[in-house]
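The primary structure of each chain is shown beneath.
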Amino acid sequence: MVGSIMGGVSNEYSNGSVQGCIGLEEKLDDLRGLVGKADGDPLRIVSVGAGAWGSVFAALLQDTYGQFRDKVQIRIWRRPGKTVDRATAEHLFEVINSREDVLRRLIRRCAYLKYVEARLGDRALLADEILKDGFCLNMIDTPLCPLKVVTNLQEAVWDADIVVNGLPSTETREIFEEISKYWKERITVPVIISLAKGIEAALEPVPHIITPTKMINQATGVCMENILYLGGPNIASEIYNKEYANARICGAEKWRKPLAKFLRQPHFIVWDNSDLVTHEVMGGLKNVYAIGAGMVAALTNESATSKSVYFAHCTSEMIFITHLLAEEPEKLAGPLLADTYVTLLKGRNAWYGQMLAKGELSPDMGDSISGKGMIQGVSAVGAFFELLSHSSLNVLHPGENKPVAPVELCPILKTLYKILISREQSSQAILQALRDENLNDPRERIEIAQSHAFYMPSLLGQP
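Everything numeric here is computed off the predicted structure, so don't read it as measured data. Here, residues in each chain are numbered from 1, in the same order as that chain's written sequence. Two thresholds apply to this predicted model, a pLDDT of at least 70 for residue-level local features and 80 or more for giving and counting side-chain atom pairs, whereas whole-chain, interface and lining totals are computed over all residues. Hydrogens are left out, water is left out, and the side-chain values use all remaining heavy atoms of the structure.

**Some points on the nonpolar core**
Nonpolar side chains tend to gather and get buried jointly when the protein is soluble and globular. Put simply, the test is: What we call a nonpolar core is a set of buried Ala, Val, Leu, Ile, Met, Phe, Trp, Tyr and Cys residues that are connected through their side-chain atoms within 4.5 Å. Buried residues are those whose accessible area, probed at 1.4 Å on protein chains only, stays under 20% of the maximum for their type, while exposed residues exceed 50% and partly exposed ones sit between those limits. Secondary structure elements follow DSSP: runs of H or I no shorter than four residues count as helices, runs of E no shorter than two count as strands, and numbering proceeds from the N terminus. Here, two residues are considered to be in contact whenever any of their heavy atoms come within 4.5 Å of each other.
Core analysis: the largest hydrophobic core is formed by 59 residues, its most contacted members being Tyr-289, Tyr-310, Ile-321 and Leu-413. Breaking this core down by element, the ones donating at least two residues are α12 (276–299), α13 (304–325), α14 (334–345), α15 (348–358), α16 (376–388), α17 (411–420), α18 (429–434) and α19 (442–450). Ranked by residues supplied to this core, first place goes to α12 with ten residues. Here Ile-321 is in contact with Leu-285, Tyr-289, Phe-384, Leu-388, Cys-410 and Leu-413, once residues within four sequence places are set aside. Counting 46 residues, the second largest nonpolar core, distinct from the first, contains Ala-59, Cys-145, Val-149 and Val-191.

This is the structure we're talking about:
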């Protein structure tokens, strides 16, 4: 039961009063009614995947609704058996002892001794073990509330009403194909909220992209009406520390509006939007260009001018690409622009670009980094390049008046591919791309995109 692992329960409601608590219960009751839950049958919410954002999302729900133990059950699944290395265990011990509230909580739960022993090297800690105490392996410096952790995937999802996809896009299809085996006998259809940012590229029968919500749809057979995407300008640790943040939940109206209401908190404002395609594609694209932003920041000693030049060019490429995919995409403004900005400014993909440019990491080390998790922008660079370089998608180059692959109008994407995937160039090439005197004014690329001349419904697998 959730109640057995709660420890202390947060008293920070919408207005810090009993009335705020009642408001939360009303929101929970509204969602329970929409899902069709009977009295005595808890709404079952499970987050699949325990990266930084997936863990924070589960912790936010636990902090907010965990007190209503008879009405909702909140759990998180992660793979078992991953060992915490000695250096991380030592750092975790320092974090615990720097936070009196966390220290007291662990002592009260009789859990402190194992962290002492791990620091001394007398025992090993497991990632799923520390997650129960509120420590995400990819975000050690930000302690969360205690979480109910399940390591058996079937147990976690078989009767879940709401499943949160906190997996990297590169793992989404594989895990949801396994989940589909456990849903064959289901009568009710679950609701799925995907947090994943990235794409797959498929070249048959025609070149097209597959977003995480489409991967889930194909893997499970759950209809798209029940699959939503949530994204926004956010850094997971800052959201949990109650920095003010916005997000959008995108998908069919039936679920997006009640879920936006359910997820909304005083410091985390969630709006709803119907344009699933643009938001999900932008979610993948921003990780691509964030790697380049990190490189530019490191190579220019954080030059504001150079970073702003990069921002202008990369956002124009993002606008161009989304106009290939959607006839009337949401404008890169408001939360969409803010989401791009914060990811370029700070986050694991920008950090990765910085480390590459400083020589502290190498592309040969792979895209799964200890303490950070999966750098999703790397695979997205390969997917977008592979897709947009296919000859069957040729467009007329406005300046040279000849057919070219769409990627030829995206020089930053081309350069990132040569740095990260083909390894033909070093990180310095990103600056060479920006300083190319032949680089067109970003306004021209945006005007081309907004002319709708290049819109290709086939890129989303549509006729």
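**As for α16**
Counting along an α-helix, one turn takes 3.6 residues, and residues three or four places apart therefore face a common direction. Our working definition: Expected span of a helix: the number of residues minus one, times 1.5 Å.
For α16, with 13 residues, the first-to-last C-alpha span of 18 Å sits near the 18 Å given by 1.5 Å per residue. Judged by how many residues are buried, α16 sits mostly within the fold: eleven of 13 residues are covered. Looking only at α16, the buried set comprises Gln-376, Gly-377, Val-378, Ala-380, Val-381, Gly-382, Ala-383, Phe-384, Phe-385, Leu-387 and Leu-388.

**Observations regarding the pairing of strand β11 (residues 245–250)**
As a reminder of what qualifies: Strands are labelled as partners when DSSP assigns at least two bridges between them.
In terms of residue burial, β11 counts as a mostly covered element, since six of its six residues are buried. With burial as the criterion, each face of β11 is covered, one bearing Ala-245, Ala-247 and Ile-249 and the other bearing Asn-246, Arg-248 and Cys-250. Here strand β10 (residues 227–231) runs beside β11; their pairing, made up of three bridges, is antiparallel. Paired with Tyr-229 across the two strands is Cys-250, which belongs to β11.

**Points about the state of the cysteines**
Definition in use: Two cysteine sulfur atoms make up a disulfide if the distance between them is within 2.5 Å.
In the structure shown here, the tally under the stated rule is zero disulfides. Free cysteine Cys-136: the closest other cysteine sulfur is in Cys-145, separated by 12 Å. Assessed through its relative accessible area of 0%, Cys-136 is described here as buried.

**Overview of the packing of α13 against α14**
Filter applied, for reference: Axes here refer to lines fitted to C-alpha atoms; in helices the fit is confined to the stretch in contact. Angles between the N-to-C directions go from 0 to 180 degrees. Note on terminology: angles under 35 degrees are roughly parallel, angles over 145 are roughly antiparallel, angles of 65 to 115 are roughly perpendicular, and the others are oblique. By convention, the crossing between two helices is left-handed when the near helix turns anticlockwise from the far helix through less than a right angle, and right-handed when the turn is clockwise. Think of it as three bins: nonpolar holds Ala, Val, Leu, Ile, Met, Phe, Trp, Tyr, Cys and Pro, charged holds Asp, Glu, Lys and Arg, and polar takes everything else, Gly as well.
Relative to each other, α13 and α14 sit at 130°, their axes nearing to 12 Å. Judged on the interaxial angle alone, α14 and α13 are oblique. As α13 packs across α14, the resulting crossing turns out to be right-handed. From α13, Tyr-310, Phe-311, Cys-314, Thr-315 and Met-318 reach across to α14, where they touch Leu-337, Thr-340, Tyr-341 and Leu-344. Along the lines of polarity and charge, the residues of the contact of α13 with α14 split into seven nonpolar, two polar and no charged.

**Things to note about the packing of aromatic side chains**
Each aromatic ring pair is characterised by the separation of its centres together with the angle its planes make. Condition: Planes of paired rings set the category: under 30 degrees apart is stacked, over 60 is edge-to-face and the rest tilted, where pairs are Phe, Tyr or Trp rings (Trp by its six-membered ring) whose centres lie within 6.5 Å.
This model, assessed by the stated rule, comprises six aromatic pairs. Residues Trp-53 and Phe-57 carry aromatic rings whose centres are separated by 5.8 Å and whose planes lie at 80° to one another, so their mutual orientation is edge-to-face. With a gap of four residues between them, Trp-53 and Phe-57 both fall in helix α2 (residues 52–65), about one helical turn apart. Considered together, Trp-53 and Phe-57 belong to a single accessibility category, that of buried residues. Aromatic pair Trp-53 and Phe-268: ring centres 6.2 Å apart, planes at 80°, arrangement edge-to-face. Here Trp-53 is found in helix α2, whereas its partner Phe-268 is found in strand β12 (residues 268–273), with 215 residues between them in sequence. Exposure remark for Phe-268: the relative accessible area of 1% places this residue in the buried category. These aromatic residues form a ring-pair network of at least three members: Trp-53, Phe-57 and Phe-268.

**Observations concerning the packing of α12 against α15**
Between α12 and α15, the least distance of the axes is 6 Å, while the angle of their chain directions is 45°. The pairing of α12 with α15 is recorded here as oblique in orientation. Considering how the two elements wind past one another, α12 and α15 form a crossing that is right-handed. Of the residues in α15, those touching α12 at Asn-287, Ala-290, Ile-291, Gly-294, Met-295, Ala-297, Ala-298 and Leu-299 are Asn-349, Ala-350, Tyr-352, Gly-353, Gln-354, Leu-356, Ala-357 and Lys-358.

**Some points on unusual backbone geometry**
Pro-205 follows Glu-204 through a cis peptide bond whose omega is -5°. Here Pro-205 is to be found in the loop between β8 (200–202) and β9 (208–210). Despite not being glycine, Cys-110 has its phi angle at roughly 55°, a positive value. Note that Cys-110 resides in the loop between α4 (100–108) and α5 (112–120). For Cys-110, a relative accessible area of 72% puts it in the exposed group. The residue Lys-242 is not glycine, and still its phi comes out positive at about 70°.

**Examining helix α9 (residues 212–220)**
Within α9, seven of the nine residues are buried, which leaves it mostly tucked inside the rest of the structure. The complete set of buried residues in α9 reads Pro-212, Thr-213, Met-215, Ile-216, Asn-217, Ala-219 and Thr-220. Within two residues after α9, Gly-221 carries a phi angle of roughly 80°, on the positive side.

**Some details on the environment of Gly-134**
Along the polypeptide, Gly-134 turns up in the loop between α6 (127–132) and β5 (149–150). The exposure class of Gly-134 is buried, given its relative accessible area of 0%. Beyond its immediate chain neighbours, meaning those up to four positions away, Gly-134 contacts Arg-105, Thr-142, Pro-143, Leu-144, Cys-145 and Pro-146.

**Structural notes on the pairing of strand β2 (residues 72–77)**
Condition: By convention, orient the strands away from the viewer: a clockwise path from the first strand over the helix to the second makes the crossover right-handed.
Within β2, six of the six residues are buried, which leaves it mostly tucked inside the rest of the structure. Of the two faces of β2, both are covered, the one formed by Val-72, Ile-74 and Ile-76 as well as the one formed by Gln-73, Arg-75 and Trp-77. Pairing geometry for strand β1 (residues 43–48) and β2, over six bridges, is parallel. Following the sheet pairing, Val-46 is matched in β2 by Arg-75. A crossover links β1 with its parallel partner β2, the connecting element being α2, and its sense is right-handed.

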